[in-house]
Amino acid sequence: MTSIPEFDSKDKSQSIASAFEDAGAVVIHNAQSAENISAIKQELRPHMEAAPLEMDDPEGFYPANTRRVIALIARSPSTHPLALHSTVNNVVAEHLGSNCESYHLHVTAALEIGPGARAQVLHRESDPFDYFPIPRPNLVMSAMWALTDFRKDNGATLIVPGSHKWEAERTAEPDEILNAEMPAGSVLLWTGGTLHAAAANVSQDWRYGIILSYGLGWLRQEENMFLDTPADIAANMPEEIRDLLGFKPHGSLGLFDPSVGG
Ligand SMILES: O=C(O)CCC(=O)C(=O)O
Ligand SMILES: [Fe+2]
């Protein structure tokens, strides 16, 4: 597999979903307006400015010169239309739907990678679920929304197409690792089994993107959504967002008594 399939957000979800299953990743263009991008940047600015820029730890998951902020649903209402985007949600439903009754958000993170940041190690988003042997069942998948252009030189996400079907022992050859280049407003989707990483930023610009990932409704979320978006804050959000956060039980899982806590 030598490329990451590319689509427009108006293309048929069924074609996008089938290319996604095949390649383990797709890029969808024109998925978000410039106005929405500006609104997200503005809502997150104080949080990004307060985020620490850690020293480089060669063993660390994030390279130096990376700003990372989570809890986006509470901090940036303009991320809500992205979380609910119909084309993306159709692909999520197709990918995760046969393993659950409903899916929820798994983690939300804004990632700004600065000049000089080294590449991240290739990894799979399903690695925390290493009780399942590789290739693992469909458990989680990610969407990276580009708020700036993603270019090879500024750290566009590295993707190894097809690696979601590989055995655990297989490692990626250099020519199997591609940069997901895309203009601002596009979104890159990849499966929980697809090898990927942030690329090194050898440019003078910051690369800014937002990850919204999704997981099976019965699986423990990477982000504790009930602490990052507590019930009193979630109460003022649209019901579809509360459902996506996981406030809606999955069958008999996630029961609660609404009389507790007022
Ligand atoms: O920043 C990127 O391009 C990828 C980040 C990533 O893979 C992660 O945070 O798990
Ligand atoms: Fe990742």
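Residues numbered from 1 in each chain as written. Chains lettered and ligands numbered in written order. Predicted model: local features only at pLDDT ≥ 70, side-chain atom pairs only at ≥ 80, totals over all residues. Heavy atoms only, no water.

1. Thoughts on the site of ligand 1
Let me state the cut-off plainly: Here, proximity means that at least one heavy atom of the residue falls within 4 Å of the molecule or strand. Polar contact is defined as a pair of N or O atoms within 3.5 Å, subject to the rule that within protein one atom must be able to donate a hydrogen and the other to accept it, and that residues adjacent in sequence are counted only when both atoms are side-chain atoms. In this description, accessible areas are obtained by the Shrake-Rupley approach with a 1.4 Å probe, and a residue is regarded as covered only by the protein chains that are shown. Three residue categories are used. Nonpolar comprises Ala, Val, Leu, Ile, Met, Phe, Trp, Tyr, Cys and Pro, charged comprises Asp, Glu, Lys and Arg, and polar comprises the others, including Gly.
Around ligand 1 sit Phe61, Tyr62, Leu111, Gln120, His123, Glu125, Met144, Thr157, His196, Ala198, Arg207 and Ile211, and that is every residue in its neighbourhood. Between ligand 1 and Tyr62 there is a distance of 2.8 Å, counted from an oxygen atom to a side-chain nitrogen or oxygen. Arg207 is positioned such that a nitrogen or oxygen atom in its side chain is 2.7 Å from an oxygen atom of ligand 1. In isolation ligand 1 has 290 Å² of accessible area, and contact with the protein removes 95% of it. Residue composition of the shell around ligand 1, by class: 6 nonpolar, 4 polar and 2 charged.

2. Points about the pattern of salt bridges
Once their charged atoms are close, side chains differing in charge can pair, the charge on each being opposite to the other. Cut-off, in case you're wondering: A side-chain nitrogen of Lys or Arg and a carboxyl oxygen of Asp or Glu constitute a salt bridge if their distance falls within 4 Å. The classification of residues rests on relative accessible area computed with a 1.4 Å probe and restricted to protein chains. Under 20% of the type maximum is buried, over 50% is exposed, and intermediate values are partly exposed.
According to the stated counting rule, one finds 5 salt bridges in the structure shown. Notably, a salt bridge pairs Arg136 with Asp127, separated by 3.1 Å at the nearest N-O pair. Among the salt bridges present, the one from Glu176 reaches Arg170, with a minimum N-O distance of 2.8 Å. Its relative accessible area of 18% is what places Glu176 among the buried residues. Look at Arg170 and you get partly exposed, because its relative accessible area is 40%. It is possible to trace a salt-bridge network through shared partners that takes in Arg151, Asp153 and Asp205.

3. Details of the coordination of the iron ion (ligand 2)
Quick reminder of the rule: Counted as donors are N, O and S atoms no farther than 2.8 Å from the metal, or 3.2 Å for Na, K and Ca; water is not among the atoms, and sites may therefore look incomplete. A four-donor site is called tetrahedral if each angle lies between 85 and 135 degrees; a four-donor site is square planar, and a six-donor site octahedral, when trans pairs exceed 155 degrees and the remaining angles lie between 65 and 115; all other cases are labelled irregular. Helix numbering and strand numbering both begin at the N terminus, where a helix is a DSSP run of H or I of at least 4 residues and a strand a DSSP run of E of at least 2.
Those protein atoms acting as donors to the iron ion (ligand 2) are His123 (NE2), Glu125 (OE), Glu125 (OE) and His196 (NE2), and they sit at 2.1 to 2.6 Å. Classification of the site at the iron ion (ligand 2) as irregular follows from its 6 donor atoms and the range of 54 to 166° in their angles at the metal. Spacing between the donor residues of the iron ion (ligand 2) along the chain follows H-x1-E-x70-H. Highlighted residues: His123 in the loop between strand S4 (103-113) and strand S5 (140-146) and His196 in strand S9 (residues 196-197), separated in sequence by 73 residues. Each member of the pair, His123 together with His196, is buried.

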